[in-house]
Amino acid sequence: MTEHLSRPAGAGPADDDRPPPARFAYDGTTWREIAHLLANLPMALIGFIYVVTVLATGIGLTVTVVGLPLLALGLLGARGIGKLERARARALLGVRVDEPSPLPTHTADGFLPRLWMALKDPVGWRTMLYDLIRLPWGILTFVITLTSLFVLWPVLPFLARALANADRAMVRALLSPSDELERRIAELESDRGVVVDTAAADLRRIERDLHDGAQARLVNLAMGLGLAKEKLLEDPDAAAAMVDEAHGEVKLALQELRDLARGIHPAVLTDRGLDAALSSVASRCTVPVRVTVDVAERPAAAIEGIAYFTVSELLQNVSKHSGARTASVEVWRSADRLMLQVVDDGRGGARLDAGSGMRGLADRLGAVDGLFAVDSPPGGPTTVTAELPWRDRTDTDGADAPAGRTRRGR
């Protein structure tokens, strides 16, 4: 049995018989692409006129003192145009383009370094190139899109998509930040944080050592001398004993201050270089250490200090953790790198994450573009290799002492 459903008399037409709701022939994405293509012409005109004006004025006035500063300001202005174009591409084309990092002008000291940094800004120059090549493209896309709206409107969505894809490619190629540059900027920012944290930790260590060591001894010394002064007349023997005790406290305080000063920057390193300083460190190691320094001249004081403290901490690890019978330290220069290598015949198993301070060493070297590698299989031997960038010593680093080629052992 088949049931037939019928509409009540006087009812309106069925829902299936109703026409679809009125809407635009193109979807929202197509209309946004059309709007972007039509806006290409005015934006291209603005960008082209700006770039031609900046280049003509800046390059034309380079014979005067205002030419290069004007060109630098023009490049900074080009960054603003690039930011506007990226925003337009994000809004109308859906292109996700990250903003480039701002110019790190705070790292440059003085007017000339900042001027040079602005003149070699790759983001500004790529934006200028983008604006130069956009004028013919802007005219072409404007004419094609406007004509197609009236003549070729059935195929306009396909034309708009093809032209918009070319625009997307230009934005990604010329207005996107350089991946390598951004990676390098991120590394430098991270390294700067490591340097700041390390310096703060060193200051806290120095403050703690002064407070708990020399300062406490000097306070006891002042109290002892005060008591000796009171007993000087009534009990000279007791006063003499207190003075002797205070004399011993003075010697201990001086020794602690010397040790603290050596920990900040040892005098032997300043006066005689890595050769003598590393030989002094090796003489305090609990195992025999052979030291070989093969550099023709001394590096910059900062690089020399990092090399010294790196070897010093590695030899402390040899004394405390390795169980080695012998060790060796080699220092040499290879092109523009200062190479360090510490080898011991201990039990091995050293790792950067083992809590022996090697992670801190790796971070410190990384903060100055250095490298740190550990090869320590179980059972040994352990080989730690470090690289530091070579920088020549300047007059402000102090008098150069001949580094020479030396071999010392303990």
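Parameters and conventions
- Residues numbered from 1 in each chain as written.
- Predicted model: local features only at pLDDT ≥ 70, side-chain atom pairs only at ≥ 80, totals over all residues.
- Heavy atoms only, no water.
- pLDDT = per-residue confidence, 0-100.
- Contact = heavy atoms within 4.5 Å.
- Helix = DSSP H or I, 4+ residues; strand = E, 2+ residues; numbered from the N terminus.
- Expected span 1.5 Å × (residues − 1).
- Buried < 20%, exposed > 50% of the residue type's maximum accessible area, 1.4 Å probe, protein only.
- Arc of directions from axis to C-beta.
- Bend = angle between axes of the 7 residues up to and from the residue.

## Comments concerning the confidence of the model for the protein chain
Detailed reading of the predicted coordinates is not advisable wherever pLDDT is low.
Part 1: On average, residues of the protein chain score 77 in pLDDT, and 73% of them reach the 70 mark or higher.
Part 2: Low pLDDT (under 50) marks residues 8-15, which in the prediction has 3 contacts with non-local residues, meaning those over four places away or in another chain.
Part 3: With pLDDT under 50 throughout, residues 399-410 is counted as low confidence; its partners more than four residues away or in other chains account for 38 contacts.

## A closer look at helix H5 (residues 156-175)
Part 1: Here H5 spans 27 Å end to end across 20 residues, near enough to the 28 Å set by a 1.5 Å rise per residue.
Part 2: Buried within H5 we find Leu156, Ala160, Leu163, Ala164, Asp167, Arg168, Met170, Val171, Leu174 and Leu175. In an axial view of H5, the angular spread of the buried residues amounts to 165°, which keeps them on one side of the axis. Away from its buried face by more than 90 degrees, H5 exposes Phe158 and Ala173.

## Structural notes on unusual backbone geometry
Part 1: Unusually for a residue other than glycine, Ala335 sits at a positive phi of about 55°.
Part 2: Checked against the element boundaries, Ala335 lands in the loop between strand S2 (327-334) and strand S3 (337-344).
Part 3: A relative accessible area of 64% means that Ala335 is categorised as exposed.

## Quick look at the environment of Phe111
Part 1: Within the fold, Phe111 resides in helix H3 (residues 111-119).
Part 2: C-alpha separation for the pair Phe111 and Pro69, spaced 42 residues apart in sequence, amounts to 10.0 Å.

## Looking at helix H4 (residues 122-150)
Part 1: The end-to-end C-alpha distance of H4 is 42 Å, a good match for the 42 Å that 29 residues give at a rise of 1.5 Å each.
Part 2: Along H4, the helix axis deviates most sharply at Arg134, where the bend reaches about 45°; the proline Pro136 sits within four residues downstream.

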